[in-house]
Amino acid sequence: MTTILVTGGTGTLGRLVTERLRADGHEVRVLSRQSQPYAVDLRAGGAALDAAVEGVDTIVHCATTQTGGDEKAAANLIAAARRAGVGHLVYISIVGVDQVPFPYYRIKLAVEKQIEESGLRWTVLRTTQFHDLLVMFFNAMSKPPVMPLPSGVSDQPIEVAEVADRLAELAAAEPAGRVDDMGGPEVRTFESLARVYLKATGRRRAVVNVRLWGKAFRQFRAGGHLTPERAVGKGTFEEYLARRFGKRQRSGGANSSS
């Protein structure tokens, strides 16, 4: 068994990857900003990062932030991995980062390129969006009485646990470069996904489709972030909602005024 470092190991994905790897008998180090003994801010790097990476065979890089700094964090991680002689760097990315000029996607693509040019042996997996992210988006959009949605946009959400299983598998295998994309089982319109979310949470909202302009949303409408030919995921959005909000559904819509 190998020693594996999981960055962002306390997050939604990283926590599950850590559990899978430990269940398979690997020694796993969890790196996050507040998780001892490897509490490290990747954007700062330094001696604490070198200590976390020392003696590691494989790194699974799940850490990310919407507030900026991913490229700096990757540069620090790559430099530390080189110094420590890490044999394999696994990175989780997003389907469509090379198609959709969305700011966060551009950053993910830039990190992919950093890894490809790092001199390390590497594996990159791109997946579609997790169910959890859709729920966060719909929760924000449903706060007003009218729920606005980007018109003409579909999504292909995937179960995060399935992605964790795949990442754990890749981490235990030989470096493979860019592997096949991984998409959820269904391509669905945003409106259809939003309506099942509203039903599951007992909320009553008018849904309004709004046409958004710009290159990024043009590519979203064109499906640049989808991979219907790689619809390998099994868990559906409805199944995820039933697990997460099942009690609310059984209560007969007690939260309909929320």
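Within any chain, residue numbers begin from 1 and follow the written order of that chain's sequence. Selection of residues for local features in this predicted model requires a pLDDT of at least 70, selection of side-chain atom pairs for listing and counting requires 80 or more, and totals for whole chains, interfaces and linings are taken over all residues. Hydrogens and waters are ignored; side-chain quantities use all the structure's heavy atoms.

Trainee: Explain unusual backbone geometry here, please?
Mentor: Working note: non-glycine residues mostly have negative phi, and peptide bonds are mostly trans. P37 follows Q36 through a cis peptide bond whose omega is 5°. By the element assignment, P37 lies in the loop between β2 (27–31) and α2 (47–53). Numbering of helices and strands starts at the N terminus; helices are DSSP runs of H or I of at least 4 residues and strands are runs of E of at least 2.

Trainee: When you look at the packing of helix α1 (residues 12–23) against helix α6 (residues 160–172) in this model, what are you seeing that I'm missing?
Mentor: Helix packing geometry: the angle between the two helix axes and the distance between the axes. Axes here mean lines fitted to C-alpha atoms, for a helix over just the part in contact, with angles spanning 0 to 180 degrees between N-to-C directions. Here α1 crosses α6 at 50°, and the two axes come no closer than 8 Å. As judged from the angle between their axes, α1 and α6 are oblique. The chirality of how α1 crosses α6 is right-handed. Note on element contacts: α6 touches α1 through V160, A161, V163, A164, D165, L167, A168 and A171, opposite T12, L13, L16, V17, R20 and L21. Orientation is classified from the angle alone, with under 35 degrees giving roughly parallel, over 145 giving roughly antiparallel, 65 to 115 giving roughly perpendicular, and any other angle giving oblique. Each crossing gets its hand from how the near helix is turned against the far one by less than a right angle, where anticlockwise is left-handed and clockwise is right-handed. Whether two residues are in contact is decided by their heavy atoms, any of which lying within 4.5 Å being enough.

Trainee: What's the story with the packing of aromatic side chains in this structure? I'm lost.
Mentor: Geometry of an aromatic ring pair is reported as the spacing of the ring centres plus the angle between the planes. In this analysis, rings of Phe, Tyr and Trp, with Trp reduced to its six-membered ring, are considered paired at centre separations within 6.5 Å, and the interplanar angle assigns stacked below 30 degrees, edge-to-face beyond 60, and tilted for intermediate values. Under the definition given, this model contains 11 aromatic pairs. Between F138 and F190, the aromatic rings sit 5.9 Å apart at their centres with planes inclined by 75°, giving edge-to-face as the arrangement. With F138 in helix α5 (residues 131–141) and F190 in helix α7 (residues 190–201), this residue pair connects regions lying 52 residues apart in the sequence. Judged by relative accessible area, which is 10%, F190 ranks as buried. Ring centres of Y197 and F245 lie 6.3 Å apart, and the angle between their planes is 85°; this geometry places the pair in the edge-to-face category. Of this pair, Y197 sits in helix α7 while F245 is found in helix α9 (residues 237–250), placing the two residues 48 residues apart along the sequence. Residue Y197 shares its accessibility class with F245, and that shared class is buried. Think of it in three bands: with a 1.4 Å probe and only protein chains considered, a residue is buried below 20% of the maximum accessible area for its type, exposed above 50%, and partly exposed in between.

Trainee: In this structure, what is going on with the packing of helix α3 (residues 70–84) against helix α4 (residues 103–116)? I would like to understand it.
Mentor: The N-to-C vectors of α3 and α4 enclose an angle of 15°; their axes lie 9 Å apart at closest approach. By the criterion of interaxial angle, the relationship of α3 to α4 is roughly parallel. Helix-helix and strand crossings are classified by hand; for α3 and α4 the assignment is right-handed. Counting all contacts with α3, which are made through D70, E71, A74, A75 and I78, the residues of α4 involved are Y104, I107, A110, V111, Q114 and I115.

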